[in-house]
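# Report on the structure
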There are 2 protein chains.
Amino acid sequence: MKIFSLEEINKLDKRYRTNLINCLSGLKGLNLIGTRNKAGQTNLAIFNSVIHLGAHPPLMGFIQRPNSVDRHTLENIQETSFFTINSVTEEIHKQAHQTAARYERSESEFGETSLESVSLDDFHAPFVAKSPLKIGLECVDIIPIPANGTQLVVGEVKLIQLDEKFLKEDGFLSLHDQNIVGGTGIDSYLSTKEIARYSYAKPDSPIEIITN
Amino acid sequence: MKIFSLEEINKLDKRYRTNLINCLSGLKGLNLIGTRNKAGQTNLAIFNSVIHLGAHPPLMGFIQRPNSVDRHTLENIQETSFFTINSVTEEIHKQAHQTAARYERSESEFGETSLESVSLDDFHAPFVAKSPLKIGLECVDIIPIPANGTQLVVGEVKLIQLDEKFLKEDGFLSLHDQNIVGGTGIDSYLSTKEIARYSYAKPDSPIEIITN
């Protein structure tokens, strides 16, 4: 087993360090964030930092990096408040990866990557037609993280479109059955298989497998 | 396809809503966070909200829920500043799930779940012996998220122990080859398989598969 100290980490080659540190947090969810500015120009970008913040009210967040050359996603959210989070399946994962390219402001990643957009219920921001799980959110806060100049963008869920076939009786939505992918680091895409769902852990009783 | 509006989401049964909203962010990393208070009492808890915040300086964060009956992890971090993030493999995933049980303050989840602890380089907080990826961090910030009273705990990576066998030439650390699991929602555990790693996306050239 190898040990890296902070001193050693800071001496690593930049690209090596970026790859390594990005792998530490474990498996990541991958999502496409869709926005539209006031002039109607759409933007779509892949993020590996979307997190659950709470169920009541339903809140989700993502991390916006500082000094990112392309901050069209954040700019559009600041201008309009709305954004969408769209799942990435095996079918569209290469197109999703391609949205990370630095397109010009006037180019939409929807067109450039041939990912069709779709509107739902007059929601301002565009959804990805092929994503089986589509979430419309309104930004409620943008919180600075002073340690490195990143920001946590917080959104309240306003709308969810999903395929009922994968929704269990207790509200659990099976993502692996829909071929929704995950990732490691900044460039690895993963498919998943369920091991099991387990009952709520209690101090003095064994956990049980949930079947449904 | 089914659409839920915010109004419908807020009317859902609490447990159903918790399950559904927790599934929206996609695949999650699962990690065990280890702490030790000043009196030497250790604590270990599973979290599905650990995120990468930045590579230089190396920063990671996790979300602490409000009003959580058990906030031993946060209390210990506030008291000592140090915590560890430990990967969850298929081998130990049931024990990791069991750490979520509400043990008394005087009971350590290490002992209660038979997950052996280990010390590294005199680091204050304990590591999980069986985790192949062990990270020691010092808390540098605790940021309130006013929208729901959660907090983002920010830590700087001080130490990494990993198995070199899974470290690629470019710094990428393969987690799937180490049977490190992920999750969906609050209770589903997933194994993963790599589809591919892809080259950095550029506007006018096709992405390529990285092999190493």
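All values reported here derive from a predicted model rather than from experimental measurement.

Below, the discussion takes up the nonpolar core. Ranked by size, the top nonpolar core spans 37 residues in total, and within it A:Phe4, A:Leu20, A:Leu24, B:Ile160 and B:Leu173 carry the most contacts. Of all the secondary structure elements, the ones that give two or more residues to this core are α2 (14–23) of chain A together with β4 (42–47), β6 (58–64), α3 (72–80), β7 (82–87), β10 (134–145) and β11 (150–162) of chain B. Not counting residues within four places of it along the chain, the set of residues in contact with B:Leu173 comprises A:Leu20, A:Cys23, A:Thr184, B:Leu133, B:Leu162, B:Asp163, B:Phe166, B:Leu167 and B:Gln178. Listed in part, the 33 residues of the second largest apolar core include A:Ile77, A:Cys139, A:Val153 and B:Phe4.

Mapped onto the fold, A:Arg17 is located in helix α2. We note that A:Arg17 is buried and unpaired, the nearest opposite charge coming from A:Asp13 at a distance of 8.0 Å. The contacts of A:Arg17, once residues within four sequence positions are left out, are A:Ile9, A:Asn10, A:Leu12, B:Ala55 and B:His56.

What follows covers the relation of the copies chain A and chain B. Note on the copies: chain A fits chain B at an RMSD of 0.0 Å, the axial shift is 0.0 Å, and the rotation between them is 180 degrees. Here the two chains are linked by the operation of a two-fold rotation axis. Proximity to the rotation axis, assessed at the C-alpha, singles out A:Thr192 in chain A; its C-alpha lies 2.2 Å from the axis. Comparing contact sets, 100% of the residues at the interface of chain A also lie at the interface in chain B, consistent with an isologous, same-surface contact.

Moving on, we get to helix α2 (residues 14–23) of chain B. Burial of α2(B) is extensive: seven of the ten residues sit out of reach of the surface. For α2(B), the set of buried residues is B:Tyr16, B:Arg17, B:Asn19, B:Leu20, B:Ile21, B:Asn22 and B:Cys23.

Scanning the entire structure with this criterion turns up ten aromatic pairs over all chains. Measuring from centroid to centroid gives 5.3 Å for A:Phe82 and A:Phe123, while their planes differ by 80 degrees, and the two rings are edge-to-face. Here A:Phe82 is found in strand β7 (residues 82–87), whereas its partner A:Phe123 is found in the loop between β8 (117–118) and β9 (127–128), with 41 residues between them in sequence. For A:Phe82, a relative accessible area of 24% translates into the label partly exposed. Over the aromatic face of B:Phe172 sits the side chain of B:Arg197, whose NZ or CZ is 4.1 Å from the ring centroid.

The next subject is the interface of chain A and chain B. Quite often, the size of an interface is put as the accessible area lost when its parts meet. Counting residues at the interface gives 103 residues for chain A, matched by 104 residues for chain B. Both sides together, the interface formed by chain A and chain B hides about 9000 Å², and carbon and sulfur atoms give 65% of it. Where chain A meets chain B, there are four salt bridges. The residue A:Asp187 makes a salt bridge to B:Arg197 at a minimum N-O spacing of 2.8 Å. Taken together, the connections running from chain A to chain B amount to 38 residue pairs in polar contact (both at pLDDT 80 or more). Looking at the side of chain A that touches chain B residue by residue, the class counts come to 54 nonpolar, 27 polar and 22 charged. Bridge count for strand β13 (residues 188–198) of chain A against strand β13 (residues 188–198) of chain B is nine bridges, and the pairing is antiparallel. The residue of β13(B) that forms the bridge with A:Thr192 is B:Thr192.

Scanning the model with the defined rule gives 17 salt bridges over all chains in all. Put simply, A:Glu138 and A:Lys158 hold a salt bridge, and the shortest N to O gap is 3.6 Å. Of this pair, A:Glu138 sits in strand β10 (residues 134–145) while A:Lys158 sits in strand β11 (residues 150–162); the two residues are 20 residues apart in sequence, bridging distant segments of the chain. Taking the relative accessible area as the measure of exposure, A:Glu138 reaches 26% and is therefore partly exposed. The partly exposed category is assigned to A:Lys158, whose relative accessible area is 25%. For B:Arg15, the salt bridge identified is with A:Asp170, shortest N-O distance 3.7 Å. You can see B:Arg15 sitting in helix α2 and its partner A:Asp170 sitting in the loop between β11 and β12 (182–184), one on each of two chains. The exposure class of B:Arg15 is partly exposed, given its relative accessible area of 48%. When salt bridges that share partners are traced, they join A:Arg15, A:Asp187, B:Asp170 and B:Arg197 into one network.

So, on to the pairing of β13(B). All names here are of chain B. Most of β13 is tucked away, with eight of its eleven residues classed as buried. Alignment of strand β12 (residues 182–184) against β13, held across three bridges, turns out to be antiparallel. Looking at β13, one finds that threonine 184 is bridged to serine 188. Of the strand pairs in this sheet, β13 and strand β14 (residues 209–210) are connected by two bridges, and their pairing is antiparallel. Paired with arginine 197 across the strands is isoleucine 210, a residue of β14.

The rules behind each value
- Residues numbered from 1 in each chain as written.
- Chains lettered and ligands numbered in written order.
- Predicted model: local features only at pLDDT ≥ 70, side-chain atom pairs only at ≥ 80, totals over all residues.
- Heavy atoms only, no water.
- Core = buried A, V, L, I, M, F, W, Y, C linked by side-chain atoms within 4.5 Å.
- Buried < 20%, exposed > 50% of the residue type's maximum accessible area, 1.4 Å probe, protein only.
- Helix = DSSP H or I, 4+ residues; strand = E, 2+ residues; numbered from the N terminus.
- Contact = heavy atoms within 4.5 Å.
- Lys, Arg positive; Asp, Glu negative; His and termini not counted.
- Salt bridge = Lys/Arg side-chain N within 4 Å of Asp/Glu carboxyl O.
- Least-squares fit on C-alpha atoms with pLDDT ≥ 70 in both.
- Phe/Tyr/Trp six-rings, centres within 6.5 Å; stacked < 30°, edge-to-face > 60°.
- Lys NZ or Arg CZ within 6 Å of the ring centre and 35° of its normal.
- Buried area = accessible area lost by both parts, 1.4 Å probe.
- Polar contact = N/O pair within 3.5 Å; in protein donor to acceptor, adjacent residues only side chain to side chain.
- Nonpolar A, V, L, I, M, F, W, Y, C, P; charged D, E, K, R; others polar.
- Pairing = 2+ DSSP bridges.

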